[in-house]
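Residue-level structural notes
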Protein chains: 2
Amino acid sequence: MIIDCHGHYTTAPKALGVFRDLQIAALEDPVRNPARGSLAISDDEIRESLLGAQIKLQDERGIDVTLFSPIAGHMMHHIGNAITSQIWSETCNDLIHRVTSLYPRRFIGVCQLPQSPLVPPKSVIPELERCVNELGFVACNLNPDPSDGHWKDAPLSDRSWYPLYEKMVELDVPAMIHVSGSCNPCFHPTGAHYINGDTTAFMQFLTSDLFRDFPTLRFIIPHGGGAVPYHWGRYRGLAQDMGRPPLSELLLNNVYFDTCVYHLPGIELLTRVIPVDNILFATEMIGAVRGIDPETGNPFDDTKRYIDQVEWLTGEDRAKIFEGNARKVYPRINAILDGD
Amino acid sequence: MIIDCHGHYTTAPKALGVFRDLQIAALEDPVRNPARGSLAISDDEIRESLLGAQIKLQDERGIDVTLFSPIAGHMMHHIGNAITSQIWSETCNDLIHRVTSLYPRRFIGVCQLPQSPLVPPKSVIPELERCVNELGFVACNLNPDPSDGHWKDAPLSDRSWYPLYEKMVELDVPAMIHVSGSCNPCFHPTGAHYINGDTTAFMQFLTSDLFRDFPTLRFIIPHGGGAVPYHWGRYRGLAQDMGRPPLSELLLNNVYFDTCVYHLPGIELLTRVIPVDNILFATEMIGAVRGIDPETGNPFDDTKRYIDQVEWLTGEDRAKIFEGNARKVYPRINAILDGD
């Protein structure tokens, strides 16, 4: 079985964007506020949005199931206030739930959290509980920068995050660290802010005792871990200079990397330096890069092809990357995948 | 000849730090302001600070000459105002000049610029001219985030930077893109902010027409280009999706990567995906990582060893990486190296 742990509903019907536009317009003109639950999208529209897109690509690429979440770039937690984020997140998560209800074998839900800059992270717990307990979701996307490019909130190692981590541990769900769009003109969203967010979160983990305090807490760092595997020597050296334990002890029981790296040399590096137990197959499709690589004739984000080409991976390694590790990191998927 | 294009005077005598401490204290209590030029460091102290450190390592590692600049992490352009930065930069650059005067065969000067958040970049031109024309420096370090972790200034593609670029072109000096320390608790300096700064700058170049406007402007992105080579497929794909020219046309006549990547797999990736003409040897020593890699028994930052091990590099390739490319990117070094 091939499990893609990183997909977003980037092809959601236009009505979702209209809802969001109204919500944003209402920040200045409350009369325009869309009614909660007013989103009118038919089941057929949902099917249509997926059949020629994610589902088509799943079939072409041999992907059985995708862990599916709202559009990361549209979380935009800095817009409005905590209520704005609450309603927007509920709306997006409900739509993902409709997808997983229509295609329970193909899509498993991962929720957006109603974060808001400088609002205590514990405020997102009710929505996490709702998504996991009521909608059957198996994980969340956690934005390490709810200010969307200004990095105003506390690092992920700060105690203010601990209530959320306690709940994640209790529910046995991991979080994918995922920033949203950038409202800072210095940072291109998918080219800089995404990758920087990954690198930044890793270093927050490296310098903290988070996993001493939460030995079973689990994070997936997407986009191949940002810059981390490329600079694995730097990180091993920094940890050593700081007198920290080896990275294998310090965080590799808790931190995982996805395979959203869009060329073979990158995937080779990832699988060379990061233990195979810490690598989870993912594509990010339909996501940041949508074209065909003229050097290979294949889509940049068809990451399975790269993994298939890595010579030193054994059959057992591939089984872990494509399936086994996801079952371990996201244990709630087992009941869904193995149910009838 | 082996030219290290990235070294900082991290072992500067303590008096430099005392001067800076007084300067910072004077922001609250002007009476404490150190007199301009009051820094009292003897030639012997300078020799002593280098002989057992950078010079010893140059000799051990076979490095002939280092392009040497003030401590990047101490530029801290956000402190005080433009005058604060002006005096601090002059002080640091003058000290580098004393180093290059004492060891003209071993160290060539690269200057710190007196940047300050939200102050027009053209304000640094006089110090750049002084360093190049009067002190014999060959390049500058350009901080893409003078707010030191808050990214409040305009992207490097903004027109406000153009007067500085015009001067760089006129003087025929490149800039190494180099952030300073971080005053944002989200960003570890050498583990996150440095690498993010590199990645961010690259994406600012990718999305702009900077090199159409300045065909001979040259930047070195240190730390192996941040996350860029690891995600080279992503960057090629993003450029293609945006309808931009191939990266080779768009920026590889202007953007270069150093080899401050502290493990063999990282250097292998760098030399696999980035054209050899765009790679410049560097160590960052004595810098971010100072220990011995237990996996190899050698210093993490002894990057020459990694380059020596890359099987597919020819003798000609190595000559470019170790010497030829530096002579091309920093043309002012030729008169110094080939003079008598």
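For the structure itself, look to the data block above.
A brief look at the structure comes next. Everything numeric in this text was worked out from a predicted model, so none of it was measured.

Reading the values: rules and limits
- Residues numbered from 1 in each chain as written.
- Chains lettered and ligands numbered in written order.
- Predicted model: local features only at pLDDT ≥ 70, side-chain atom pairs only at ≥ 80, totals over all residues.
- Heavy atoms only, no water.
- Least-squares fit on C-alpha atoms with pLDDT ≥ 70 in both.
- Contact = heavy atoms within 4.5 Å.
- 1 Å grid on protein atoms, 1.4 Å probe; cavity = no way out; pocket = protein on both sides within 12 Å on 5 of 7 lines; lining within 4 Å.
- Points joined across faces, edges and corners; volume = space filled by probe spheres on them.
- Helix = DSSP H or I, 4+ residues; strand = E, 2+ residues; numbered from the N terminus.
- Pairing = 2+ DSSP bridges.
- Axes fitted to C-alpha atoms, helices over the stretch in contact; angles between N-to-C directions.
- Buried < 20%, exposed > 50% of the residue type's maximum accessible area, 1.4 Å probe, protein only.
- Polar contact = N/O pair within 3.5 Å; in protein donor to acceptor, adjacent residues only side chain to side chain.
- Parallel < 35°, antiparallel > 145°, perpendicular 65-115°, else oblique.
- Nonpolar A, V, L, I, M, F, W, Y, C, P; charged D, E, K, R; others polar.

The next point concerns the relation of the copies chain B and chain A. Mapping chain B onto chain A calls for a rotation angle of 180 degrees and an axial translation of 0.0 Å; the resulting RMSD is 0.0 Å. On this basis, the relationship between the two copies can be described by a two-fold rotation axis. Minimal C-alpha distance to the rotation axis in chain B is attained by Ala 227 of chain B, lying at 2.1 Å. When you check the interface residues of chain B against chain A, 100% turn up at the interface there too, and the contact is symmetric in its surfaces.

Where empty space is left in the structure can be found by rolling a water-sized probe over the atoms. The volume enclosed by the largest pocket comes to roughly 450 Å³. Elements with a contribution of two residues or more to the lining of the largest pocket: helix 11 (264–273) and helix 12 (303–309) of chain A together with helix 9 (232–241) and helix 10 (247–250) of chain B. Looking at which element gives the most residues to the lining of the largest pocket, the answer is helix 9 of chain B, with four residues.

Looking now at the sheet that holds strand 8 (residues 279–280) of chain B. Residues and elements named next belong to chain B. The strand order 1-2-3-4-5-6-7-8 describes an open sheet built from eight strands, whose pairing is parallel. Across the chains shown, the open sheet's two edge strands, defined by having one partner strand only, are strand 1 (3–8) and strand 8. By the bridge criterion, three bridges tie strand 6 (residues 219–221) to strand 7 (residues 255–258) in an arrangement that is parallel. Bridge pairing links Ile 221 to Phe 257 in strand 7. Lying on the sheet, helix 4 (residues 82–102) is in contact with strand 2 (65–69) and strand 3 (107–112); it crosses strand 3 at an angle near 175 degrees.

For the rest of this paragraph, the subject is the environment of Leu 171 of chain B. Residues and elements named next belong to chain B. The residue Leu 171 is located in helix 6 (residues 162–171) in this model. For Leu 171, a relative accessible area of 5% gives the class buried. Taking the C-alpha atoms as reference points, Leu 171 and Arg 47, separated by 124 residues in sequence, lie 30 Å from one another.

Residue and element names in this part refer to chain B. Considering the arrangement of structural elements, one finds Asn 184 in the loop between strand 5 (175–177) and helix 7 (189–206). With relative accessibility at 2%, the residue Asn 184 sits in the buried group. Here Cys 186 takes part through its backbone nitrogen, which lies 2.9 Å from a polar atom of the side chain of Asn 184.

Okay, the packing of helix 4 of chain B against helix 5 (residues 125–134) of chain B next. Residue and element names in this part refer to chain B. Running from amino to carboxyl end, helix 4 crosses helix 5 at an angle of 10 degrees, the nearest separation of the two axes being 11 Å. With respect to helix 5, the axis of helix 4 lies roughly parallel. Along its contact with helix 4, which presents Gln 86, Ser 89, Glu 90, Asn 93 and Asp 94, the element helix 5 presents Glu 127, Arg 130 and Cys 131. Residue classes in the contact of helix 4 with helix 5 are distributed as one nonpolar, three polar and four charged.

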